[in-house]
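Secondary and tertiary structure notes
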Amino acid sequence: MTIKAINVRNQFRGFIKEIILGDVVSEIDVQTPAGIVTSVITTRSVKDLELAVGSEVIAFVKSTEVSVAKL
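Let me sum up the structure you'll find in this document. Treat the numbers as computed from the prediction; the structure is a model and nothing was measured.

1. Concerning the overall build of the chain
Each helix and strand counted, the chain has one helix and five strands in total. Reading the chain from its N end, one meets helices and strands in the order β-β-β-α-β-β. Residues counted as buried form 31% of the 71 residues belonging to the chain. Counted over contacts in the chain with a minimum sequence separation of 6, partners at least 24 positions apart contribute 37%.

Set out below in structure tokens:
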């Protein structure tokens, strides 16, 4: 599945404003035109995606979670 295949109403494009790294999970704040969207993802995913403050990302919102993809 590609990013374009996901419902556009559930996507917020933005830039990473802050990353709070933890041993297992990390908190990612994404600044979007609609405001800040916060996601909790594994620290391993932060490293694998090479996420950093200022990275352009898309926050995918599901009823129970927010996912992040690097652009």
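2. Quick word on unusual backbone geometry
Positive phi, normally seen in glycine, also occurs at Glu50, with a value near 55 degrees. Positionally, Glu50 belongs in the loop between helix 1 (43-48) and strand 4 (56-62). By relative accessible area, which is 57% here, Glu50 ends up exposed.

3. Some thoughts on the environment of Val61
Mapped onto the elements, Val61 comes out in strand 4. Since its relative accessible area comes to 29%, Val61 is described here as partly exposed. On a C-alpha basis, the gap between Val61 and Val37 in space is 9.1 Å, while along the polypeptide they are 24 residues apart. Not counting the four nearest positions on each side in its chain, Val61 is found in contact with Asn10, Phe12 and Val66.

4. Some details on the side chain of Thr43
Counting through the fold element by element, Thr43 comes out in helix 1. Within the structure, Thr43 has its side chain in polar contact with the backbone oxygen of Val25 (distance 3.4 Å). Sequence-distant contacts of Thr43, that is, excluding residues within four places in its chain, are made with Leu21, Gly22, Asp23, Val24, Val25 and Ser26.

5. Points about a nonpolar patch on the surface
On the surface, Val24, Val25 and Val40 cluster together into a nonpolar patch covering about 290 Å² of accessible area. Summarising the element assignment, Val25 is placed in strand 2 (residues 25-32).

About the criteria used
- Residues numbered from 1 in each chain as written.
- Predicted model: local features only at pLDDT ≥ 70, side-chain atom pairs only at ≥ 80, totals over all residues.
- Heavy atoms only, no water.
- Helix = DSSP H or I, 4+ residues; strand = E, 2+ residues; numbered from the N terminus.
- Buried < 20%, exposed > 50% of the residue type's maximum accessible area, 1.4 Å probe, protein only.
- Contact = heavy atoms within 4.5 Å.
- Polar contact = N/O pair within 3.5 Å; in protein donor to acceptor, adjacent residues only side chain to side chain.
- Patch = residues over 30% accessible without salt bridge, like charges linked within 9 Å, V, L, I, M, F, W, Y side chains within 5 Å.
- Areas by Shrake-Rupley, 256 points an atom, 1.4 Å probe, with all protein chains shown as cover.
- Salt bridge = Lys/Arg side-chain N within 4 Å of Asp/Glu carboxyl O.

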